[in-house]
Amino acid sequence: MDLRSDFPGVRDWHYLDSAATAQKPQAVIDAIARAYGEDYATVHRGVYARSANMTLAYEAARRKVALFVNARSEAEIVYVRGATEGINLVAQCWAGTQLEAGDRILLSTLEHHSNIVPWQIAAEKVGAAIDVVPLTVDHRIDLDAMQAMITPRHRMVALAHVSNVLGSVLDCRRAADIAHSGGAKILIDGCQAVPRLGVDVQALDCDFYVFSAHKLYGPTGIGVLWARTELLDAMPPYQGGGSMIDKVTFEKTTYAPPPTRFEAGTPHIVGVVGLAAAIDYVEGIGLDAIHAHECALVGRARAALESLNSVRLFGPEDSAGILSFEVEGVHPHDVGTILDETGVAIRAGHHCAQPLMRHLGVEATARASFGIYSDQSDVDALVEGLERVRKIFG
Ligand code: PMP
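Thresholds, definitions, all that
- Residues numbered from 1 in each chain as written.
- Predicted model: local features only at pLDDT ≥ 70, side-chain atom pairs only at ≥ 80, totals over all residues.
- UniProt positions renumbered as here; feature names shortened; annotations may be inferred.
- Helix = DSSP H or I, 4+ residues; strand = E, 2+ residues; numbered from the N terminus.
- Core = buried A, V, L, I, M, F, W, Y, C linked by C-beta atoms within 7 Å.
- Buried ≥ 20, exposed ≤ 12 C-beta atoms within 10 Å, placed from the backbone.
- Domains from an automatic or database assignment.
- Contact = placed C-beta atoms within 7 Å.
- Axes fitted to C-alpha atoms, helices over the stretch in contact; angles between N-to-C directions.
- Parallel < 35°, antiparallel > 145°, perpendicular 65-115°, else oblique.
- Left-handed = near helix turned anticlockwise from the far one by under 90°.
- Nonpolar A, V, L, I, M, F, W, Y, C, P; charged D, E, K, R; others polar.
- Pairing = 2+ DSSP bridges.

Colleague: Describe in detail the UniProt feature "domain: Aminotransferase class V" (unreviewed entry) in the protein, supporting the description with residues and values.
Modeller: Annotation from UniProt places "domain: Aminotransferase class V" (unreviewed entry) at residues 14-382. Structurally, residues 14-382 is divided into 39% helix and 17% strand, and its ends, taken at the C-alpha atoms, are 8 Å apart.

Below is the structure:
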């Protein structure tokens, strides 16, 4: 797969931080430029042709997203600012209104802070408690343990489809079956899965699924909450304002049906156009091909790093696109800084997963994450850079 020339952001650079945010193909950059240029107008309100056209594009994008994740209808697709906002929306509007004192929420040890903190805020408001599913020895969410833990008091389960630190892939269908067997709903944080695995929300049988466009080669500031229609129907608005209403009087306001009910204010019109272009781009390559490409690179990177013997790897053998590691005796920030000097960009830190760091017994890890533009030269540069790290630190 040689797509590097499609990405002006990576041509002369070993960019191994796609799990933080992916670089953008020229097709997405062009679509955004057109949407801010000759096509620019607001949506849903204009009586003039350009606004009507932009509205068509905005709603066509919703259909595209619905097909992309195999939703039953585009009314199940809510545009949000990103995964973080999607989870906050569900935590406030579903958990915040459906849970009662004594109810419980189930998370896992490897969750990103954005799939922890919104639930803590909601739980505190209603008097619910949080339980944590542990990990297996090879750093996957332990679904056997989850099965043993779940009780009828558990009303919500929220888990990452792919860990942003370890690359561990969740068996979502089994997790959903376990959640549903106890009567709970399940939210899947698909941030790291959507760019690398084909996602079919009906096959996964989850209730809520969230992701951010910027990790899918699209723009920042736009993301998706997918939810079952009957759940959205029963949820109150997230924010009040223009567009989300049916009728407003000072005595009483009635709300539009979903998804409009959850999209107050002038939306991120250009972001939505960019998201649609990103989906077109990714689908043009095919998620099976992307997944196979990234698995091959991660496999080779794992083998090369293992042979450096002062490097400790985290995560399962079959991690998807993401590889966390530690160089013995060297702080990950120093690893990252030295690699940067050799033109290799990795992430070093807690990756917004402090409970997971505690579980791994480290303060931080170094993380290399791959994308569709990554190739063997990136793996080679990473290995050479790590050899330099070892030389510098003896
Ligand atoms: N969950 C996971 C697994 C992530 O990797 C991220 C982004 N690092 C988020 C949630 C939050 O996404 P965003 O910052 O785009 O809202």
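Colleague: I'd like a rundown of the nonpolar core, residues and numbers included.
Modeller: One finds Val90, Ala175, Leu225, Trp226 and Ala278 to be the most contacted residues of the largest nonpolar core, which totals 127 residues. Counting residues per element, this core draws most heavily on helix α9 (residues 269-285), at eleven residues. Here this core gathers at least three residues from each of two domains, domain 1 (4-16 + 286-392) and domain 2 (27-284). When neighbours within four sequence positions are excluded, Leu225 is seen to be in contact with Val78, Val80, Gly86, Leu89, Val90, Phe208 and Val210.

Colleague: Summarise the packing of helix α3 (residues 83-98) against helix α4 (residues 117-126); cite the residues concerned and give the values.
Modeller: Contact geometry of α3 with α4 gives a least axis separation of 9 Å together with a crossing angle of 20 degrees. Put simply, α3 runs roughly parallel to α4. In the crossing of α3 with α4, the sense of the turn from one axis to the other is right-handed. For the pair formed by α3 and α4, the contact residues are Ile87, Asn88, Ala91, Gln92, Ala95 and Gly96 on the first element and Pro118, Trp119, Ile121, Ala122, Lys125 and Val126 on the second. Across the contact of α3 with α4, the residue classes tally to eight nonpolar, three polar and one charged.

Colleague: Lay out the pairing of strand β7 (residues 208-212) with the relevant residues and their values.
Modeller: Burial analysis of β7 places five of its five residues in the buried class, the great majority of the element. Pairing of strand β6 (residues 185-189) with β7 involves three bridges; the strand directions are parallel. Within the sheet, the bridge partner assigned to Ile188 lies in β7 and is Tyr209. Here β7 pairs with strand β8 (residues 223-227) via five bridges, running antiparallel. Bridge pairing in β8 links Phe208 to Ala227.

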